[in-house]
Amino acid sequence: MGIAAPAEACLLPQGDAANPPQGLVAGIDEAGRGCLAGPVVAAAVILPHSYELPGLNDSKACSAKTRETLAPLIRQCALAWGLGVVWPARIDAINILQATFEAMSRAVRCLRCSPAQLLIDGNKTLPRQVLTLHWGKAHSAALPAQRSIIGGDASEPAISAASILAKTYRDTLMTHMEKRWPGYGFEAHKGYGTEDHYQALRRLGPCPQHRLTFRGVLPEKPVAQQASLL
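These remarks concern the structure in this document. (Residues numbered from 1 in each chain as written. Predicted model: local features only at pLDDT ≥ 70, side-chain atom pairs only at ≥ 80, totals over all residues. Heavy atoms only, no water.)

Here we take up the layout of surface pockets. Taken as a whole, the largest pocket holds about 350 Å³ of empty space. Looking at the largest pocket, it is lined by 22 residues, and the ones nearest its centre are Asp29, Glu30, Ala31, Arg33 and Asp121. Of all the elements in the fold, those that place two or more residues in the lining of the largest pocket are β2 (25-31), α3 (96-109), β5 (117-121) and α6 (157-180). Here the residues of the lining of the largest pocket are counted per class, giving six nonpolar, seven polar and nine charged. (1 Å grid on protein atoms, 1.4 Å probe; cavity = no way out; pocket = protein on both sides within 12 Å on 5 of 7 lines; lining within 4 Å. Points joined across faces, edges and corners; volume = space filled by probe spheres on them. Helix = DSSP H or I, 4+ residues; strand = E, 2+ residues; numbered from the N terminus. Nonpolar A, V, L, I, M, F, W, Y, C, P; charged D, E, K, R; others polar.)

Another point: the nonpolar core. Among the nonpolar cores identified, the biggest contains 63 residues, and Val45, Ile46, Ile74, Val108, Leu118, Leu165 and Phe186 are the most heavily contacted of them. For this core, the leading source of residues is α6, giving ten residues. Beyond its immediate chain neighbours, meaning those up to four positions away, Phe186 contacts Ala37, Met174, Met177, Glu178, Trp181, Gly191, His197, Cys207 and His210. (Core = buried A, V, L, I, M, F, W, Y, C linked by side-chain atoms within 4.5 Å. Buried < 20%, exposed > 50% of the residue type's maximum accessible area, 1.4 Å probe, protein only. Contact = heavy atoms within 4.5 Å.)

A few words on the packing of helix α1 (residues 64-77) against α6. Between α1 and α6, whose axes approach to 9 Å, the crossing angle comes to 115 degrees. For the pair α1 and α6, the sense of crossing is left-handed. On α6, the residues that touch Arg67, Glu68, Leu70, Ala71, Ile74 and Arg75 of α1 are Ala161, Ile164, Leu165, Lys167, Thr168 and Asp171. (Axes fitted to C-alpha atoms, helices over the stretch in contact; angles between N-to-C directions. Left-handed = near helix turned anticlockwise from the far one by under 90°.)

Interpretation in functional terms is not warranted from these geometric data alone.
See the structure below:
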């Protein structure tokens, strides 16, 4: 897997789109929202009514080994799944919240069958104008209903599955970035703001995969001191 993707990307999904059942529900989650480097990745997953995914849980509650075991099983059993990727230049241009909405909308667009409802981890649903822009490129059905669920990555299996797909895909990207931009420790911290990462930034400066609008990526500008008349 390379990293020479466009600034914005929607990855084509897999899944059986033939005669999909009615009332499909897609779980949606993201990975990398709080990182200093790398893209934000969102996944959308439609699970069948019956499936075997032992150990399915929020990606943060799973070990890396468990996530790597579950990811291909999720892709195999899902009725449909899709990934949306938004890269640092776009994140800096529109801010991380809007970039997350865009990545999620791209993931939904990639689904080969149209869900009737989106279950989104967190406390926000997708802005109608953002979802409409991407939905209309691939789906003829009406916009799906939406429901945000705080802690949904631990309570809703479809969201848990999306969490794992987003996390494993992004982790693989960051491992490849370590080879392209060595010295930052991307393979270890995956772009998060660890002390080792901050030290590398102070030593090397940012690379093209850093989010320049995030605090700590660029050196803090000194605050001008006002002259005193005393």
